[in-house]
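Structural description and commentary
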Amino acid sequence: MRTPLPSRPRAAGPLRHRLTAALACGAVVAGGALATATPVAADTGTATDRLILTPTDQATTSQFVTWRSTSSAPAAVEYRRTGGTAATVAATVTDTIGEHTHLSATLTGLAAGTRYEYRVGQGGDWTPWRTFRTASDAAEPFSFLYYGDAQISLDTTWPAVVQAANAKAPDAVGSVHAGDLIDTASNQTQWTNWFSGMGESAMTTQVLAAPGNHEYSGDQTMRNWKANFTYALNSPTRATTDDLAKLAEGDTPAARQTAAYLDHFERFAGETVYFVDYQDVRFITLNATRNSGFLTPSDLPACSEGCPDAGKLWIDFQAAWLDHVLATNPNTWAVATFHQPVYSVSSGRDEPLLRAAWVPVFEKHDIDLVLQGHDHTYARGYKDTTATGTPGVTSGPVYAVANSGGKYYTLAPEGENVWTRNGATQVKRGADVSTYQVVTVDGGTLRYESYVAALNGAAPERVGDLYDAFTITKDARGKRVVEDGVEVPAGDAQQLAVTVPEQAGEPGEFVWAVDGSNDLVDLGVAEQAGDHLRAAGALNPVRVTDTRRDAPAWSLSGQVSDFVAGDRVVDGKHLGWAPSATENTGGATPGAAVASGFVSGDGLAEPAVLGSAAAGHERGSVLLGAELDLRLPVSVTEGRYSATLTLTALS
């Protein structure tokens, strides 16, 4: 039996413009170009609506099917391989809300990478046959869609956004939703409009949704959420939260209260915190609410000293689980989705509790995408510590905030906002746009594209514009997040050579390249050295030649990525160097030595100068080298670790 929880006020925010039906005629939306793509929420003449596919945690061999019916008669799913003999699975009634019965069935024993047909119903009342495809058991390329908040204008803006997305990516295997699908969770018309906007895509592809604050509006136990969606019950438990669960051990008032909270959280997290593995990607959904009212069980034991904070404990509870599911991720890629962003972009918003608990876990495991909503603006960027020596190239998680409905907020000041105050950079930011995102995963490449699907009057963009894009690549050189139009310096630890071409009309030249072999710099086997492990080697020497007539200043800097061995990562700060300059006829100066960050400092995780020359230097060349010094904690797990040392020239 569900226990009602205290009410929670609707989130306040600097609403700039809300496109209601009355205002929709003044908005520019993609639907105008797709007027024939009529949304479908129900099959006319049947008792069924809100039919939706959601993935199980065994997406290669099973499938959740959920729907709503005006009939209370026993119902079922009939399914078959395309053109084959049908089998039947009886549905389970999950809830009855008003005059509607909510049902769900799990299809099991399916074949991987196979297309099936299915229909739902009872007696002689069946929906038409529709198709779905199970996930492949191999890392086949695929695309998925990412939506921010739908929430407002569910019968105008939202269908247009979905239609535009489906037209752009007709083969997408599913969609990821970052919360606030509706405005008031108890409003059945809004839910019906959300499903109508999703149309056939909800019934033929996988839907992964995270709850937002409005999913609790008028429905504090998320009854409607759990009636409309079925998700894997692999949410956090005490067994997956390690040291946090130990706080509940013992017989103190604080321990008893902590135990009561954790028991409540295990129930509360069901179908709102889950993960799914799909063709080499682990999709992780989190529940970012931190309202102590929702999070407090009705039978909470008394406590007066050392008592847990419900909101913080809930976020820490998920952080420990997140650490667990990322540490055990067997896939190449990982994507997290939740509602309230760790780096807010709208004016007046901030989530320090989420940021403190979850960002370190994202960074520790170098998750690839963190997809969020809530702010009704757009932003995408990175944590500054993952910048490389090449502008436009980063090496860590990408944080994105998107909006897909008709509600628009005001951006925080560009130079003073949650991102800049917390060591993060917004690469792209904007307001007054509704977007959808197409994410394509193909082996070691992940491509992210954001498109404009609707506009508020103040936006300068046009519907259909490519709004934002970047590519993540993972290969032997490591991981690189590259902005469109940016060329990554050639080479890695084995290919360090990059040539800077002569500028047009300028006599002389400035050239630098690896002198001789560009083989792998192998530091060998690390040896025990007191309280640490140590390895050493020498950088492949780099020859810099500068014969330009005006002899401008130049410098050559280096920065190393983290050392990676499978899913194990060691901070690049542990590498230091001692630069040298020989065969020096160009007036160059070696850079200062940088100590390993084993004891303190950032080592070569931060850019450091290998060599430089002041303006007016002699025209000539220099051979720059460096002795490398790697000092690792003795706790580092054994393995063959590799990293990329990127050299960048400035002149």
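The structure we're discussing is the one just above.
What comes next concerns the included structure. (Residues numbered from 1 in each chain as written. Predicted model: local features only at pLDDT ≥ 70, side-chain atom pairs only at ≥ 80, totals over all residues. Heavy atoms only, no water.)

Helices and strands together make up the secondary structure of the protein, namely 10 helices and 39 strands. Burial analysis of the protein (651 residues in total) assigns 55% to the buried set. Within the protein, contacts between residues separated by at least 24 positions form 74% of all contacts whose residues are at least 6 apart in sequence. Carbon and sulfur atoms make up 51% of the accessible area of the protein, which amounts to about 25500 Å² in all. (Helix = DSSP H or I, 4+ residues; strand = E, 2+ residues; numbered from the N terminus. Buried < 20%, exposed > 50% of the residue type's maximum accessible area, 1.4 Å probe, protein only. Contact = heavy atoms within 4.5 Å. Areas by Shrake-Rupley, 256 points an atom, 1.4 Å probe, with all protein chains shown as cover.)

Moving on, we get to the packing of aromatic side chains. Counted according to the given criterion, the structure contains 30 aromatic pairs. A ring pair is formed by Y147 and W158, whose centres lie 5.1 Å apart and whose planes are at 75 degrees; its orientation type is edge-to-face. Taken together, the positions of Y147 in strand β12 (residues 142-147) and W158 in helix α1 (residues 157-168) put the pair 11 residues apart, joining distant regions of the chain. Each member of the pair, Y147 together with W158, is buried. Both rings, one in W194 and one in F229, keep their centres 5.9 Å apart while their planes meet at 90 degrees; by these two values the pair is edge-to-face. With W194 in helix α2 (residues 188-198) and F229 in the loop between α4 (223-228) and α5 (243-246), the pair connects residues that are 35 residues apart, well separated along the chain. Side by side, W194 and F229 carry an identical accessibility label, which is buried. Of the aromatic side chains, those joined through ring pairs into one cluster are Y147, W158, W191, W194, F195, W225, F229, Y231 and Y274. Sitting over the ring of Y467, K428 keeps its end group 4.2 Å from the ring centre. If you follow K474 out to its NZ or CZ, it ends over the ring of W333, 4.3 Å from the centre. (Phe/Tyr/Trp six-rings, centres within 6.5 Å; stacked < 30°, edge-to-face > 60°. Lys NZ or Arg CZ within 6 Å of the ring centre and 35° of its normal.)

Our next topic: unusual backbone geometry. Glycine aside, residues mostly have negative phi angles, and peptide bonds mostly take the trans form. A positive phi is found at Q279, a non-glycine position, where the angle reads about 45 degrees. Even without being glycine, H374 reaches a positive phi, approximately 80 degrees. The topology assignment puts H374 in the loop between β18 (369-372) and β19 (378-383).

Before going further, it helps to examine the pattern of salt bridges. Applying the stated rule across the entire model yields 29 salt bridges. The salt bridge partner of D316 is K312, with a shortest N-O separation of 2.7 Å. Taken together, the positions of D316 and K312, both in helix α8 (residues 310-327) and 4 residues apart, correspond to about one turn of that helix. With relative accessibility at 41%, the residue K312 sits in the partly exposed group. Linking R380 and D468 is a salt bridge whose minimum nitrogen-to-oxygen distance equals 2.8 Å. Remark: D468 occurs in strand β26 (residues 466-475) and R380 occurs in strand β19; sequence separation between them is 88 residues. Judged on exposure class, the residue R380 and its partner D468 are both buried. Beyond isolated ion pairs, a larger network of salt bridges with shared partners links D366, D368, K474 and K479. (Salt bridge = Lys/Arg side-chain N within 4 Å of Asp/Glu carboxyl O.)

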